[in-house]
Amino acid sequence: MQPLSAYKWPDAQGKFGDYGGKYIPETLVSALEHLDTVYNQLKQQPSFQNELQDLQNNYNGRPTPLSFASRLTEYYGKAKIYLKREDLCHTGAHKLNNTLGQILLAKHTGKKRIIAETGAGQHGVATATVCAKFGLQCVVYMGKLDTQRQQMNVFRMKMLGAEVRPVSSGMQTLKDATNEAIRDWVANVDDTHYIIGSVVGPHPYPAIVRDFQSIIGRETRQQIRQIENAFPDYLLACVGGGSNAIGMFYPFMADESVNMVGVEAAGQGIESQKHCATLSMGTPGIFQGMRTYLLQAAEGQIAEVHSISAGLDYPGVGPEHSFLKDRKRVTYRSVSDEEALQASVLLAQNEGILPALETAHAVAYLPYLMPSTTREQIVIINISGRGDKDLNTLIKNLDGSLL
Ligand SMILES: *Cc1c(COP(=O)(O)O)cnc(C)c1O
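## Quick word on the overall build of the protein
Scanning the protein from terminus to terminus reveals 17 helices and 14 strands. Over its C-alpha atoms the protein spans a radius of gyration of 20 Å, differing by no more than 12% from the 22 Å that the globule rule assigns to 403 residues. Seen along its three principal axes, the alpha-carbon backbone of the protein occupies a region of about 55 × 45 × 45 Å. Put simply, the protein has 403 residues, and 58% of those count as buried. The contacts in the protein between residues at least 6 apart in sequence include a share of 74% that link residues at least 24 apart. With 38 positive and 40 negative side-chain charges, the protein shows a spacing of 3 Å between the two charge centroids.

Here it is, written out as structure tokens:
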């Protein structure tokens, strides 16, 4: 087996060990091969990297700070806790790191039309944003149920000039929106680029999205060495599809002293069937173009999933995470809706930062981790997004329990 110090995945077939690959309709084979070739050329070009870096700095607001959480650190009295502030990115989360990279790919491949799928609407907004910035046509597929649950984001996308197409098939949620986006891509592949929102789907998407999100970990590496002249002992991030987590983890992959924990949503409990702890409870299978861990019923039907945070509510996970779980390089744990809510209050009241409910899952792992740490150690949490978008859910669940 290849040692992790020479971590070079995926392989030429687009596989992370037994995971990943390309399980796709014939009509998409050449489009994905073309995307792979063009991406591999572009990423070597300094002019492409400079153009992207300029957008990251002057449009997205990077580098984001690495903030010392002094009161949270005092609260536990153990390792020092730092927060990587992806919540300060334009549009409020790490999503733009990826959509900015992909819109440049579209520009360089001469594509005039962009499509995307979205669940909670965050990736749809990030895609509509870069389309407006670059003057490209934008169509976003969204389950009809999700368009009703996330009316604010639907309107945001419309304000940005995107067309939102509600999908009435199946459960009318993210999985159905993704199927519809794939159908559109098959029909319009010549002039259309499909911007996938996480490290999922067929090769080369998981690698492309990881590379664009890795700016999180690269900055963190530099910042923690500047501040502490040390490496972190633990990295924590929430895992939905897995893009903010891999973005933080990947640049540290060869540093064996760095422990990494991905935190999934246990919803109402992993025994309840109302969760989306894919890596903790799932089994390998094939879904949306990739082989990965999935939550599936006995007959192989994709299971219904639940989380209080709309962004973690996905029955699959990026194939690289499946690989890292089996190789035991990353530990995956899950916390419940209730624990995430409590963690939101903890971070808000100790640090003045109201995290997204997705992010709150990473924070909610602290009670499990901190007792085993020492004062000399360093813990970094990826604060993937802001809680402002979750106010309705927070009011429903917490109003009355606060002062
Ligand atoms: C979309 C989103 C997530 C989940 O997606 P990943 O690909 O797992 O990162 C997590 N946090 C926030 C704030 C999000 O917007």
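Structure shown, so let's carry the discussion forward.
## Section: the site of the ligand
Surrounding the ligand, one finds 16 residues, the nearest of these being Lys95, Ser198, Gly240, Gly242 and Ser243. Taking Ser243, its side chain carries an N or O atom lying 2.7 Å from an oxygen atom of the ligand. Ser384 has a polar side-chain atom sitting 2.8 Å from a nitrogen atom of the ligand. Relative to its free-state accessible area of 380 Å², the ligand is covered by the protein chains to the extent of 96%. Broken down by class, the residue content of the shell around the ligand amounts to four nonpolar, 10 polar and two charged.

## Regarding the packing of aromatic side chains
Counting across every chain of the model gives 13 aromatic pairs. Pairing Tyr7 with Tyr250 gives two aromatic rings, centres 6.0 Å apart and planes at 70°, and the pair type is edge-to-face. In this pair, Tyr7 sits in the segment before strand E1 (15-16) while Tyr250 sits in the loop between helix H11 (243-249) and strand E10 (259-267), placing the two residues 243 residues apart along the sequence. Ring centres of Phe287 and Tyr314 lie 6.2 Å apart, and the angle between their planes is 40°; this geometry places the pair in the tilted category. With a gap of 27 residues between them, Phe287 in strand E11 (residues 283-287) and Tyr314 in the loop between strand E12 (290-294) and helix H13 (319-326) connect regions that are remote in the sequence. In textbook terms, an aromatic cluster arises when at least three aromatic residues are bridged by ring pairs, as seen for Tyr7, Trp9, Tyr250 and Phe323. Against the face of Tyr250 rests Arg210, its NZ or CZ located 4.0 Å from the ring centre. Lying across the ring of Tyr293, Lys325 places its NZ or CZ 5.4 Å from the centre.

## Quick word on the sheet that holds E10
Reading across the sheet, the six strands line up as E3-E4-E14-E9-E10-E13 and stay open at both edges, with mixed pairing between neighbours. The strands lining the two open edges of the sheet, one partner per strand, are strand E3 (66-68) and strand E13 (330-336). Going from strand to strand, the sheet's axes swing by 25° on average, the running direction of each strand aside. As judged from the three bridges shared by strand E9 (residues 234-238) and strand E14 (residues 378-383), these two strands associate in the parallel manner. The residue of E14 that forms the bridge with Tyr234 is Val379. Contacts from helix H14 (residues 337-351) reach E3, strand E4 (80-85), E10, E13 and E14 within the one sheet, and its direction differs from that of E13 by about 95°.

## Some words on the environment of Thr393
Its location among the elements puts Thr393 in helix H17 (residues 391-398). Relative accessible area serves as the criterion here: at 25%, Thr393 is assigned to the partly exposed category.

## With respect to the sheet that holds strand E5 (residues 113-118)
Pairing within the open sheet is parallel, and its four strands lie in the order E7-E6-E5-E8. The sheet terminates laterally at strand E7 (163-167) and strand E8 (192-194), the two strands that pair on one side only. Strand after strand, the sheet turns through a mean of 25° between neighbouring axes, direction not considered. The pairing of E5 with strand E6 (residues 137-143) spans six bridges and is classified as parallel. Paired with Ala116 across the strands is Val140, a residue of E6.

## Structural notes on the domain arrangement of the protein
Domain assignment breaks the protein into domain 1 (25-56 + 95-209) and domain 2 (61-92 + 214-398). A separation of 23 Å is found between the C-alpha centroids of domain 1 and domain 2. With 22 residues of domain 1 at the contact, the number on the domain 2 side is 26 residues. For the pair domain 1 and domain 2, the summed buried area comes to about 1,800 Å², and 61% of that belongs to carbon and sulfur atoms.

## Topic: the side chain of Gln122
Tracing the backbone shows Gln122 in helix H5 (residues 122-134). The exposure class assigned to Gln122 is buried, which follows from its relative accessible area of 17%. For Gln122, the residues in contact, after removing those within four places along its chain, are Thr91, Lys95, Asn153 and Lys389.

## Remarks on the pattern of salt bridges
Between side chains of opposite charge, pairing is possible as soon as their charged atoms come close. Under the defined criterion, the tally for this structure stands at 17 salt bridges. The salt bridge partner of Glu219 is Lys84, with a shortest N-O separation of 2.7 Å. With a gap of 135 residues between them, Glu219 in helix H10 (residues 215-228) and Lys84 in strand E4 connect regions that are remote in the sequence. The residues Glu219 and Lys84 share a single accessibility class, namely buried. Ionic contacts of the salt-bridge type, sharing partners, join the residues Lys43, Arg210, Asp211 and Glu320 into one network.

Basis of the calculations
Residues numbered from 1 in each chain as written. Predicted model: local features only at pLDDT ≥ 70, side-chain atom pairs only at ≥ 80, totals over all residues. Heavy atoms only, no water. Helix = DSSP H or I, 4+ residues; strand = E, 2+ residues; numbered from the N terminus. Rg over C-alpha atoms; globule rule 2.2 N^0.38 Å. Buried < 20%, exposed > 50% of the residue type's maximum accessible area, 1.4 Å probe, protein only. Contact = heavy atoms within 4.5 Å. Lys, Arg positive; Asp, Glu negative; His and termini not counted. Charge placed at Lys NZ, Arg CZ, Asp CG, Glu CD. Near = heavy atom within 4 Å. Polar contact = N/O pair within 3.5 Å; in protein donor to acceptor, adjacent residues only side chain to side chain. Areas by Shrake-Rupley, 256 points an atom, 1.4 Å probe, with all protein chains shown as cover. Nonpolar A, V, L, I, M, F, W, Y, C, P; charged D, E, K, R; others polar. Phe/Tyr/Trp six-rings, centres within 6.5 Å; stacked < 30°, edge-to-face > 60°. Lys NZ or Arg CZ within 6 Å of the ring centre and 35° of its normal. Pairing = 2+ DSSP bridges. Axes fitted to C-alpha atoms, helices over the stretch in contact; angles between N-to-C directions. Domains from an automatic or database assignment. Buried area = accessible area lost by both parts, 1.4 Å probe. Salt bridge = Lys/Arg side-chain N within 4 Å of Asp/Glu carboxyl O.

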